[in-house]
Amino acid sequence: MASVIQGCHINPGDIDIWVACEADVEQVVNCFREQLPEDAIITTIEENWVSSLTQPTVTFQIDRSDWTLGRVYINSVKIDIAYAVIREMESYIPGMGLWENGPDIGDLIKFISVNESVIPVVPLEVQLQTNYLRGIESRIAAITDKFRTDGYDDALLRYCLEQHHYKKFSDDFKK
């Protein structure tokens, strides 16, 4: 959704809300309390788990990170509320690929005005790395098109992208 807010023409498929601390996940899920089922029908994240009154959040591990997740559906739109922390903290090395949900993202957040509201978003330069990692060519193209129209922060892009992704972007951008 942050890509759309920044002007990219994509269909995000869901809304991801990243929070600053683990307790905030349940607090945000509780905003949707009236839409939650009493109990979760699906009990594992692999089976498309959903928040319920009895289990508003679920915790799990992926690689070196610990996650707390809440998930609600409003009018068939999936909303994930998440907090993640890396167990083995390493300093980020520029040019090695910045993780958009990692601890180094906080200082890079942009604030976009939308209909008299200010929304914090992950910059497109960072999202480009995520989409290269996921191999989502349509989103890479949409972000690249946006950069062609509005420009981009080359220093931030070099900082965020893996070196081979930066080279691919640079080659594709010239086309």
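Everything that follows concerns the structure shown earlier in this document.
A quick note: this is a predicted structure, and the numbers were derived from the prediction, not measured. (Residues numbered from 1 in each chain as written. Predicted model: local features only at pLDDT ≥ 70, side-chain atom pairs only at ≥ 80, totals over all residues. Heavy atoms only, no water.)

A. Fine view of the overall build of the protein chain. Counting its secondary structure elements, the protein chain contains six helices and six strands. Ordered by position from the N terminus, the helices and strands of the protein chain form the series α-β-α-β-β-β-β-β-α-α-α-α. Classification of the 175 residues of the protein chain by burial places 41% in the buried group. For the protein chain, restricting intrachain contacts to residue pairs at least 6 apart in sequence, the fraction spanning at least 24 positions comes to 48%. (Helix = DSSP H or I, 4+ residues; strand = E, 2+ residues; numbered from the N terminus. Buried < 20%, exposed > 50% of the residue type's maximum accessible area, 1.4 Å probe, protein only. Contact = heavy atoms within 4.5 Å.)

B. The arrangement of unusual backbone geometry in detail. Even without a glycine there, the phi angle at Asn 75 is positive, about 50 degrees. Within the secondary structure, Asn 75 sits in the loop between strand E3 (65–74) and strand E4 (77–86). Judged by its relative accessible area of 74%, Asn 75 falls in the exposed class. Phi is positive for Glu 116, close to 70 degrees, though the residue is something other than glycine.

C. Main features of the environment of Ala 2. Tracing the chain through its elements places Ala 2 in helix H1 (residues 2–5). Once the C-alpha coordinates of Ala 2 and Val 121 are considered, the two residues, 119 residues apart in sequence, prove to be 5.4 Å apart. Beyond its immediate sequence surroundings of up to four residues, Ala 2 is in contact with Val 121, Val 122 and Gln 127.

D. Looking closely at the nonpolar core. Core analysis: the biggest nonpolar cluster contains 12 residues, these being Cys 8, Leu 124, Leu 128, Tyr 132, Ile 140, Ala 142, Ile 143, Phe 147, Leu 157, Leu 161, Tyr 166 and Phe 169. In this view, Ile 140 contacts Leu 128, Asn 131 and Tyr 132; residues no more than four positions away in its chain are not counted. Val 29, Leu 36, Val 72 and Ile 81 belong to the second largest nonpolar core, which has nine residues in total. (Core = buried A, V, L, I, M, F, W, Y, C linked by side-chain atoms within 4.5 Å.)

E. Structural view of the packing of aromatic side chains. Within this structure, the stated rule accounts for seven aromatic pairs. For the ring pair Phe 60 and Trp 67, a centre distance of 6.1 Å and an interplane angle of 5 degrees mean the geometry is stacked. Here the two residues Phe 60 and Trp 67 agree in accessibility, since each one is buried. On the numbers, 5.2 Å between centres and 90 degrees between planes, the contact of Tyr 152 with Phe 169 is edge-to-face. Here Tyr 152, found in the loop between helix H4 (137–150) and helix H5 (154–160), pairs with Phe 169, found in helix H6 (residues 163–174); they are 17 residues apart in sequence, far enough to count as distant. Exposure remark for Phe 169: the relative accessible area of 0% places this residue in the buried category. An aromatic cluster of at least three residues, connected via ring pairs, comprises Phe 147, Tyr 152, Phe 169 and Phe 173. (Phe/Tyr/Trp six-rings, centres within 6.5 Å; stacked < 30°, edge-to-face > 60°.)

F. Structural detail: the pairing of strand E2 (residues 58–62). Direction of pairing for E2 relative to E3: antiparallel, over a ladder of five bridges. Across the sheet, Thr 59 pairs through a bridge with Thr 68, a residue of E3. Between E2 and E3, which pair antiparallel one after the other, the connecting turn spans two residues, and Asp 63 there sits at a positive phi close to 50 degrees. (Pairing = 2+ DSSP bridges.)

G. Spatial organisation of helix H2 (residues 22–30). Of the residues making up H2, those classed as buried are Val 25, Val 28 and Val 29. Mapping the buried residues of H2 onto a view down its axis gives an arc of 100 degrees, with all of them on the same face. Opposite the packed face of H2, turned more than 90 degrees from it, sit the exposed residues Ala 23 and Gln 27. For H2, the secondary structure elements touched by its buried residues are strand E1 (14–18), E3 and E4. (Arc of directions from axis to C-beta.)

H. Seen up close, the pattern of salt bridges. Evaluation of the coordinates by the stated rule reveals eight salt bridges. Arg 158 serves as the salt-bridge partner of Asp 154, at 3.0 Å between the closest nitrogen and oxygen. Of this pair, Asp 154 and Arg 158 both sit in helix H5, four residues apart, roughly one helical turn. Among the charged side chains, a salt-bridge network with shared partners connects Asp 14, Arg 71, Lys 78 and Asp 80. (Salt bridge = Lys/Arg side-chain N within 4 Å of Asp/Glu carboxyl O.)

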